[in-house]
Amino acid sequence: MKILLIEDEPKVASFIKKGLEEQTYEVDQAYDGTFGVKLALQNEYDLIILDIILPNMNGLDVCREIRRHNSTVSILMLTALGTTDDKIIGLDAGADDYLTKPFEFKELLARIRALSRRTTEGGSGEKLSIADLEMDVAKKSVTRGGKPVSLTAREFALLYYLLRNQGRVVSRVDITEQVWETSFDTGSNVIDVYINFLRKKIDKAHTSKLIHTLVGMGYVLKEQDNA
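Residues numbered from 1 in each chain as written. Predicted model: local features only at pLDDT ≥ 70, side-chain atom pairs only at ≥ 80, totals over all residues. Heavy atoms only, no water.

**Overview of the sheet that holds strand β8 (residues 141–144)**
For step 1, the next point in the chain: A sheet is described by the order of its strands in space; here 4 strands give the open sequence β6-β7-β8-β9, paired in antiparallel fashion. Looking along the sheet, the strands with just one partner apiece sit at the ends: β6 (127–130) and β9 (147–148).
For step 2, the next point in the chain: As paired elements, β8 and β9 share 2 bridges and run antiparallel to each other. Bridging from a neighbouring strand, arginine 144 pairs with lysine 147 of β9.
For step 3, the next point in the chain: Where helix α6 (residues 153–164) meets the sheet, its contacts fall on β6, β7 (133–136) and β8, and the angle it forms with β7 comes to roughly 115 degrees. (Pairing = 2+ DSSP bridges. Helix = DSSP H or I, 4+ residues; strand = E, 2+ residues; numbered from the N terminus. Contact = heavy atoms within 4.5 Å. Axes fitted to C-alpha atoms, helices over the stretch in contact; angles between N-to-C directions.)

**Some remarks on helix α1 (residues 10–22)**
For step 1, the next point in the chain: Between the first and last C-alpha of α1 there are 18 Å, a value that for 13 residues agrees with the 18 Å anticipated at 1.5 Å per step.
For step 2, the next point in the chain: For α1, the complete set of buried residues consists of Ala13, Ile16, Gly19 and Leu20. For α1, the buried positions fall inside an angular range of 140 degrees around the axis, keeping them on one side. Away from its buried face, by an angle of more than 90 degrees, α1 presents the exposed residues Pro10, Lys11, Lys18 and Glu22.
For step 3, the next point in the chain: Of the residues trailing α1, threonine 24 is marked for its positive phi of about 75 degrees. (Expected span 1.5 Å × (residues − 1). Buried < 20%, exposed > 50% of the residue type's maximum accessible area, 1.4 Å probe, protein only. Arc of directions from axis to C-beta.)

**Regarding the pattern of salt bridges**
For step 1, the next point in the chain: Per the stated rule, a full pass over the model turns up 17 salt bridges.
For step 2, the next point in the chain: As a salt-bridge pair, arginine 172 and aspartate 192 come within 2.6 Å of each other at their nearest N and O atoms. Taken as a pair, arginine 172 in helix α7 (residues 172–180) and aspartate 192 in helix α8 (residues 190–202) lie far apart in primary sequence, 20 residues in all.
For step 3, the next point in the chain: With a relative accessible area of 35%, arginine 172 lands in the partly exposed category.
For step 4, the next point in the chain: When salt bridges with common partners are traced through the structure, they connect Glu7, Glu9, Asp51 and Lys101 into a single cluster. (Salt bridge = Lys/Arg side-chain N within 4 Å of Asp/Glu carboxyl O.)

**Some thoughts on the packing of helix α2 (residues 33–42) against helix α3 (residues 59–69)**
For step 1, the next point in the chain: For the pair α2 and α3, the least separation of the axes is 10 Å and the interaxial angle reads 20 degrees. Between α2 and α3, the crossing angle belongs to the class labelled roughly parallel. Considering only the axes of α2 and α3, their crossing is right-handed. Counting all contacts with α2, which are made through Gly33, Val37, Ala40 and Leu41, the residues of α3 involved are Val62, Glu65, Ile66 and His69.
For step 2, the next point in the chain: Partitioned by chemical class, the residues of the contact of α2 with α3 number 5 nonpolar, 2 polar and 1 charged. (Parallel < 35°, antiparallel > 145°, perpendicular 65-115°, else oblique. Left-handed = near helix turned anticlockwise from the far one by under 90°. Nonpolar A, V, L, I, M, F, W, Y, C, P; charged D, E, K, R; others polar.)

Here is the structure:
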């Protein structure tokens, strides 16, 4: 697994890079946002670990620039800004997951493994569909009404889970455990934010809505009742 680490604090960067290499990951490193973008666009990576506060170009702008050219690479954002709003801003910029500093290295490894599983699963050529929404898991492609839909790795994983459970109500707990393979603070609305991301990309331009909220219960992917 090839990882790009964009982190400007030398001690933190050295700690992460050394730990990852001990786990047999291949790690490239950038100490500022501009060089990080250059490496990200010149090379192919399985995962980008990105700090928010960086010289020359901040992590949010780095994330947005990378997403302009690559919608599939997994991006894990590191942030000392721990409020839910701060995390949502990072997710909205295109990050797939976040980790608040300070963190234990084993938690970082767990997040990396989870993102890795999400990007490698489905290699058997599985295809899923509902109405005019289609997903080719092996190709990591999604279309609605024949038109391509660009999703981040985390959005793709969430839609994959909803498609695999179409017609069944899934709770926020189900989603955090199965898609994020972790848990959020009780008051976090990260799941709602991601559902809204998907709605904008999947449903907004279509009369027939597929993603539905059941208040107090969770979400369900199903064809809209016309009655």
